[in-house]
Amino acid sequence: MRSSRPDPNTQDALFESGEPRPRLTTLLAQAGTRQDTRTGALSTPIHQTATFAHPGLGQSTGFDYSRSANPTRAVLERTMARLDGGAGGFAFASGLAALTTVLGLFEAGDHLVVAEGGYGGTQRLLDQVFARFGLALSYLPVTDTLAYRSALGPRTRAILVEAIANPCLQVPDLPALAALAREAGVLLLVDNTFLTPYWLRPLELGADLVLHSASKFLAGHNDVIAGIVTVRTAELADRLGYLQNALGAVLAPQEAWLVLRGLKTLALRLERQQTNALAVAQWLRRQPAVVQVRYPGLPDDPSHRPLARFAEGFGAVLAFEVDDAARVERLIGRLRLIAYAESLGGVESLITVPALQTHANLTREERDRLGIRDTLLRLSVGIEDAGDLIADLAQALA
Ligand SMILES: *Cc1c(COP(=O)(O)O)cnc(C)c1O
């Protein structure tokens, strides 16, 4: 058993009490550095161990067993808590493992209000698994704040939204939802996978808990599956810590190290990806074969102004619709640089057809209602040369 979250002998003074407090970019660049006072290792060691020898009877180094706590994972968890401005951070084997653990906060008969059109896997986990355990769910249009209010009932325990819904890129009014959640005494849970703490810190807006699929921007290289949760209060940190150990879906040390490694370049990657995404979106708009482009970074996109009110960036994921379904197959077949693959947020650009992939588990009616047509493509823009990406799209659309 672990008593409290261990605090290994680390040099965190700079970030805990430094004057002036380092900015986020600095925090990111130095993610996990100088944590090992014994050797001075600049990079966090990978503690590839299942268990820890105790110094004596009834004694502990602060680490007993790596499911409960592991030093490498602890550095990542502390780093993420600091980045999000939370009282605690927790690392899991995947984004969905993180969500599974968060859902362990609830019990049969509890009611969750969920923004519709979210990540397909999230909806599958809620509808196909947790609904069987008695969790009641209401899905609401992402942007309709009034509807959330009227959906709240006596058994409502939480509101779950994504910072930017996927693939249609709508944005919920997070400050209004935070106020609503506070007033109603329910938790506001925000999946911030699409923006990361570099662009959005929901806890500072009054959210209670933030989820990240670290498989996306945080790790950033399409080579890790990982999930992160950060929480606003010490009370929630205690509950999440208990559930993390009880459910056991923890992140392995090697993967924790890879996420820390990814964080170091997050700021640079995001800036470049956003610049590229805007260039690609602007170019796509001018193509006759493209009937619609959605990218919150476009100044006249419906999500631009709502997002600009509380976020510092617009992401690097865009969606576009082509003129007919046959073109989708041709386009996918002809792309050479941009890979046809699930996932997003990495240094390499990826394209998907949401109706066939990420949102295939929705019924056609649901997809139609959400605007996920067969002609819709989702593009996650990487750090390649924007001209090369545009040239690849140009030859594939021709
Ligand atoms: C990918 C993703 C998830 C799930 O994360 P995994 O790491 O794949 O389990 C959850 N939410 C969003 C928004 C995602 O993009």
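What you are looking at is a predicted structure, and each value in this text was computed from that prediction instead of being measured.

## Re the site of the ligand
Around the ligand, the neighbouring residues are Ser 94, Gly 95, Leu 96, Tyr 119, Glu 162, Asp 191, Thr 193, Phe 194, Ser 213, Ser 215, Lys 216 and Ala 226. Between the ligand and Leu 96, the relevant distance is 2.9 Å, taken from an oxygen atom to a main-chain nitrogen or oxygen of the residue. Between an oxygen atom of the ligand and a side-chain N or O atom of Ser 213, the distance comes to 2.8 Å. With the chains in place, 92% of the 380 Å² that the ligand exposes on its own is no longer accessible. Residue composition of the shell around the ligand, grouped by class: 4 nonpolar, 5 polar and 3 charged.

## Here we look at the domain arrangement of the protein
Here the domain parsing of the protein yields domain 1 (24–263) and domain 2 (266–397). Centre-to-centre separation of domain 1 and domain 2, based on C-alpha positions: 26 Å. Tallying the contact residues gives 38 residues for domain 1 and 43 residues for domain 2. A buried area of about 3300 Å², summed over both sides, lies between domain 1 and domain 2, and 62% of it is on carbon and sulfur atoms. Considering only the surface of domain 1 that becomes buried against domain 2, Leu 169, Trp 199 and Phe 217 emerge as the three largest contributors, covering 24% of it.

## With respect to the side chain of Thr 193
With respect to the secondary-structure elements, Thr 193 resides in the loop between strand S5 (187–191) and helix H8 (196–199). Apart from the residues lying within four places of it in its own chain, the contact partners of Thr 193 are Leu 211, His 212, Ser 213, Lys 216 and Phe 217.

## A look at the pattern of salt bridges
Here the structure, examined in full by the defined rule, presents 15 salt bridges. In this structure, Glu 77 and Arg 73 form a salt bridge, with 3.2 Å as the shortest nitrogen-oxygen distance. Within this pair, Glu 77 and its partner Arg 73 are both found in helix H3 (residues 71–84), separated by 4 residues, close to a single helical turn. The exposure classification of Glu 77 matches that of Arg 73, with both residues buried. A salt bridge links Glu 183 to Arg 149; the shortest N-O distance between them is 3.0 Å. You can see Glu 183 sitting in helix H7 (residues 174–184) and its partner Arg 149 sitting in helix H6 (residues 145–151), a full 34 residues away along the chain. When its relative accessible area of 43% is taken as the criterion, Arg 149 is described as partly exposed. The structure contains a network of salt bridges with shared partners spanning Asp 110, Arg 155 and Arg 157.

## Re the side chain of Arg 367
For Arg 367, the location among the structural elements is in helix H14 (residues 364–370). Despite being buried, Arg 367 has no salt bridge partner; Asp 374 is the closest side chain of opposite charge, sitting 4.8 Å away. Beyond its immediate chain neighbours, meaning those up to four positions away, Arg 367 contacts Ala 355, His 359, Ala 360, Leu 362 and Ile 372.

## Observations concerning the pairing of strand S7 (residues 227–231)
Taken across its 5 residues, S7 has 5 buried, putting it largely inside the fold. Alternating positions in S7 separate into two faces, Gly 227, Val 229 and Val 231 on one and Ile 228 and Thr 230 on the other, with burial throughout. Direction of pairing for strand S1 (residues 88–92) relative to S7: antiparallel, over a ladder of 5 bridges. In the strand pairing of S7, Ala 91 is matched with Ile 228. Of the strand pairs in this sheet, strand S6 (residues 209–213) and S7 are connected by 5 bridges, and their pairing is antiparallel. Of the residues in S7, the one forming a bridge with Leu 211 is Val 229.

Definitions and cut-offs
- Residues numbered from 1 in each chain as written.
- Predicted model: local features only at pLDDT ≥ 70, side-chain atom pairs only at ≥ 80, totals over all residues.
- Heavy atoms only, no water.
- Near = heavy atom within 4 Å.
- Polar contact = N/O pair within 3.5 Å; in protein donor to acceptor, adjacent residues only side chain to side chain.
- Areas by Shrake-Rupley, 256 points an atom, 1.4 Å probe, with all protein chains shown as cover.
- Nonpolar A, V, L, I, M, F, W, Y, C, P; charged D, E, K, R; others polar.
- Domains from an automatic or database assignment.
- Contact = heavy atoms within 4.5 Å.
- Buried area = accessible area lost by both parts, 1.4 Å probe.
- Helix = DSSP H or I, 4+ residues; strand = E, 2+ residues; numbered from the N terminus.
- Salt bridge = Lys/Arg side-chain N within 4 Å of Asp/Glu carboxyl O.
- Buried < 20%, exposed > 50% of the residue type's maximum accessible area, 1.4 Å probe, protein only.
- Lys, Arg positive; Asp, Glu negative; His and termini not counted.
- Pairing = 2+ DSSP bridges.

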